[in-house]
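# Breakdown of the fold
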Amino acid sequence: PALATLDFLKFIALPAQKNFDLPSALPLLLQLPLETVIIENVRMEAFPVELFTLPRLLTLIIRKGNLRPRNPMLVPEGGLFGSTSLEKLILEGYPVAGEERLGPFPALREASVSRCNLAGLQFLANSPLLERLNARYNRLETLPEFLANCTSLRSLELSHNPFRKIELNLEGLQVLEELE
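Source: prediction; values computed, not measured. (Residues numbered from 1 in each chain as written. Predicted model: local features only at pLDDT ≥ 70, side-chain atom pairs only at ≥ 80, totals over all residues. Heavy atoms only, no water.)

## Looking at the packing of aromatic side chains
So the rule is basically this: Only the six-membered ring of Trp is used, alongside the rings of Phe and Tyr, when aromatic pairs are assigned; centres must lie within 6.5 Å, and planes under 30 degrees apart are stacked while those over 60 apart are edge-to-face, with the rest tilted. The secondary structure listing takes helices from DSSP runs of H or I that are at least 4 residues long and strands from runs of E that are at least 2 residues long, numbered from the N terminus. When accessible area is computed with a 1.4 Å probe and restricted to protein chains, residues below 20% of their type maximum are described as buried, those above 50% as exposed, and intermediate ones as partly exposed.
With the rule as written, the count across this model stands at two aromatic pairs. Each ring, one from Phe52 and one from Phe105, has its centre 5.3 Å from the other, and the planes form 65°; the classification is edge-to-face. Taken as a pair, Phe52 in the loop between strand 2 (36-40) and strand 3 (59-63) and Phe105 in the loop between strand 6 (96-97) and strand 7 (110-114) lie far apart in primary sequence, 53 residues in all. Accessibility assignment for this pair places Phe52 and Phe105 in one class, buried.

## Re the layout of surface pockets
Which entries qualify depends on this criterion: Detection works on a 1 Å grid of protein atoms alone, calling trapped sets that fit a 1.4 Å probe cavities and calling open sets with protein on both sides within 12 Å along at least five of seven lines pockets, with lining residues defined by an atom within 4 Å of a point. Grid points are joined across faces, edges and corners, and a volume is the space filled by probe spheres set on the points. Each residue is assigned to one class: nonpolar for Ala, Val, Leu, Ile, Met, Phe, Trp, Tyr, Cys and Pro, charged for Asp, Glu, Lys and Arg, and polar for all the others, Gly among them.
Here the largest pocket defines a volume of roughly 160 Å³. Forming the walls of the largest pocket are 13 residues, and the residues nearest its centre are Leu22, Pro23, Leu26, Glu45 and Ala46. Across the lining of the largest pocket, the residue classes break down as nine nonpolar, no polar and four charged.

## Concerning the side chain of Ser114
Here is the rule we go by: Should any heavy atoms of two residues lie within 4.5 Å, those residues are considered in contact.
If you trace the backbone, Ser114 turns up in strand 7. The class of Ser114 is buried, set by a relative accessible area of 10%. Excluding residues that lie within four positions of it along the chain, Ser114 makes contacts with Leu91, Glu92, Gly93, Asn134, Arg136 and Asn138.

## A few points about the nonpolar core
Rules: In plain words, nonpolar cores are sets of buried Ala, Val, Leu, Ile, Met, Phe, Trp, Tyr and Cys residues tied together by side-chain atoms within 4.5 Å.
In terms of nonpolar packing, the biggest core is built from 50 residues, with Phe47, Phe52 and Leu121 touching the most fellow members. When contributions to this core are tallied by element, the ones reaching two or more residues are helix 1 (22-29), strand 2, strand 3, strand 5 (88-92) and strand 7. Looking at which element gives the most residues to this core, the answer is helix 1, with three residues. Excluding residues within four positions of it along the chain, Phe47 makes contact with Phe52, Ile62, Met73, Leu74, Val75, Pro76, Leu91, Val96 and Leu102.

See the structure below:
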């Protein structure tokens, strides 16, 4: 509870401890003017979509660390969970289920969703400012059509996905510098 008194706090890295009680901490975190939230090595059964209600949230980083999740993080049902302010989303090593309920992220510039066991990236479809996308080590079988409209895309990393067929015209990506 003392955390909620720090009404000037913009950046927080939560304890890298698998037994940290994130659901109990969320109401307190939502009282802060946070711009950056880092969650690493915390056991989570549900995706902390409540963090998207932070009006100044610019960066959300969720990393697995050395924890082996028992089950995928489930995005709760009940609608789309996005953020109008989020510019950087990093999800690494946590399997995610129900990812189609994430988004939109209209201000998103960077997304790294590696090793998340994702079959699709539609939750990023309404991210027209996207400059960097790392979706390595997932279950993508096709390239999402919305990528052709991401004209600000500079870096695209899609290796280690079981693509069956790649049929997408990336000709409009004139500023693309890196393609993996």
